[in-house]
Structure formats: structure tokens, C-alpha cells
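# Chain and residue survey
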Amino acid sequence: QKEVEQNSGPLSVPEGAIASLNCTYSDRGSQSFFWYRQYSGKSPELIMFIYSNGDKEDGRFTAQLNKASQYVSLLIRDSQPSDSATYLCAVTSGSARQLTFGSGTQLTVLP
Amino acid sequence: DGGITQSPKYLFRKEGQNVTLSCEQNLNHDAMYWYRQDPGQGLRLIYYSQIVNDFQKGDIAEGYSVSREKKESFPLTVTSAQKNPTAFYLCASRIQENEKLFFGSGTQLSVL
């Protein structure tokens, strides 16, 4: 059973701080890694994806991947109250490249 | 505008009743997926289809059925055999060779 683990939170950070969200996965053959943001009652929205070891930056978001440690993280700089949401980590693996989702981390940014 | 349309937004099922959730996409995506989300949980795969007239079971297919008669459409039927159907149902699609998944707005199914 392929597993993707996230701390469920809730994680609270003050406005302007860096929020750090973590995810580990069990399938060493996993190929692609995604972060989705989901507001309450809404569908997930893709915010970052990463395929190779290292860092990938897009605006205030940075995704970090370490395949040796089977670990992927998302950093949100200058956190805003509008970043308050649940963040889902997702990993593809297998020949069909199916996505397996973690249970999500609830982030609250305090004004 | 291109996108994925799910309907209805809210659906209520009586005991013993089958209900069908609609999913239509005009993105010309080959692959379509149905996920179930329970409160505070991640997404679990129910069924997926990579090509018209073909579909495969996901991790929690029992009590559900699908069809893929057209590339644009992938309806999900929640049968009476699904004893705990209350959940948020999400339809998604992607281009076969591109792994980014795009979601519809979801259907909240509740039991009366």
C-alpha cells in the first residue's frame, strides 16, 4: 500500500511568517510530487509541482524534494490570512502514474 | 471557458436509492477520475478511465459504478450497496502524458 503522510495540524503561523508544510511518502519509485491548496468546501487547486531533487520556487511558494529521504516540503513565505487552507501533498507512482494523496495539513495564518 | 463541470452541487440520497453524479469536461483530456473525500481526510480514488469505453477500479470502488461512453463525460453512480455514501465527491481530469490533475467543483452527497 503506497502511503503519503502529512501532519494533520492545525498549523498556526502569524501573518508575515514562513509556513513550513511537510510530507513523506513510502514508495521509493515515486516520480512526481504535487501540492494542492483546498479551501473549506471547495475543490483542490494545484499550486506547486516538483519532479527533481532540490528546490523549486514560484512567487511566495517553494517546494523542496529529497528523494533519498522520501520527503517533500512546501514553504510559504510572507504568509497571508488568505493562505489559510488545507494543503494536500500528492505523489504519483507506478506505470499508470496514479496520484496518492495525503490527508492534508490545515494551515491558519493569524492576522 | 474550458473546465470540468460537476452537477449537482448538493445531492440527497434516500436509503436503497441509486444516485448519479455528473462530470463533464471540455479540456480534451484523455484521463478522468473520481475521488471521495471525507471530513478531515485526503482524497481516495474510486474509479478512473484513461480512454473511452475503458475504466479501472481505484482503492474504494465497492458500491460505485461508472461509464465512459464519451471522452467528455464520466458519470458516477452511487448504488444502494454503498452503505456510507455521505462525502464530498470530486471529479478530475488530466492529459494522459501530463500528470497535473484538474478538479471540478465537487458534489456534496448526503443521506436522508
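Up top is the structure.
Since this is a predicted model, take the numbers as computed values, not measurements.

This part covers the sheet that holds strand S7 (residues 64-66) of chain B. All names here are of chain B. On the basis of which strands lie adjacent, the open sheet formed by four strands has the order S1-S3-S8-S7 and antiparallel pairing. Each end of this open sheet is capped by a strand with a single partner; those strands are strand S1 (4-7) and S7. Across the sheet, the mean angle separating the axes of adjacent strands is 20° when strand polarity is ignored. Pairing geometry for S1 and strand S3 (residues 19-25), over four bridges, is antiparallel. Residue pairing across strands places Ser 7 opposite Ser 22, the latter belonging to S3.

Our focus in this paragraph is the state of the cysteines. Tallying each qualifying case throughout the model produces two disulfides over all chains. Note on cysteine connectivity: A:Cys23 is disulfide-linked to A:Cys89, with sulfurs 2.1 Å apart. Between A:Cys23 and A:Cys89, the S-S dihedral sits near -75°, and the bridge is therefore left-handed. A residue pair is termed long-range when its members are at least 10 positions apart, and A:Cys23 in strand S3 (residues 19-25) and A:Cys89 in strand S9 (residues 85-93) qualify at 66 residues. Of the two residues, A:Cys23 and A:Cys89, both sit in the buried class. Through a disulfide, B:Cys23 is tied to B:Cys91; the S-S separation comes to 1.9 Å. On the sign convention where negative is left-handed, the bridge of B:Cys23 and B:Cys91, at about -75° about the S-S bond, is left-handed. Here B:Cys23 is found in strand S3, whereas its partner B:Cys91 is found in strand S9 (residues 87-94), with 68 residues between them in sequence.

All right, on to the interface of chain B and chain A then. Facing 19 residues of chain B, the contacting portion of chain A comprises 20 residues. Summed over both sides, the interface between chain B and chain A buries roughly 1,600 Å², with carbon and sulfur atoms accounting for 51% of that surface. For the pair chain B and chain A, the number of links is zero salt bridges. For the interface between chain B and chain A, the tally reads four residue pairs in polar contact (both at pLDDT 80 or more). At the level of elements, strand S4 (31-37), strand S5 (43-51) and S9 of chain B are the ones that each hand at least two residues to the side of chain B that touches chain A. With four residues, S5(B) is the largest single contributor of residues to the side of chain B that touches chain A. For the side of chain B that touches chain A, the per-class residue count stands at nine nonpolar, seven polar and three charged.

Cut-off values and rules
Residues numbered from 1 in each chain as written. Chains lettered and ligands numbered in written order. Predicted model: local features only at pLDDT ≥ 70, side-chain atom pairs only at ≥ 80, totals over all residues. Heavy atoms only, no water. Pairing = 2+ DSSP bridges. Helix = DSSP H or I, 4+ residues; strand = E, 2+ residues; numbered from the N terminus. Axes fitted to C-alpha atoms, helices over the stretch in contact; angles between N-to-C directions. Disulfide = S-S within 2.5 Å. Buried < 20%, exposed > 50% of the residue type's maximum accessible area, 1.4 Å probe, protein only. Contact = heavy atoms within 4.5 Å. Buried area = accessible area lost by both parts, 1.4 Å probe. Salt bridge = Lys/Arg side-chain N within 4 Å of Asp/Glu carboxyl O. Polar contact = N/O pair within 3.5 Å; in protein donor to acceptor, adjacent residues only side chain to side chain. Nonpolar A, V, L, I, M, F, W, Y, C, P; charged D, E, K, R; others polar.

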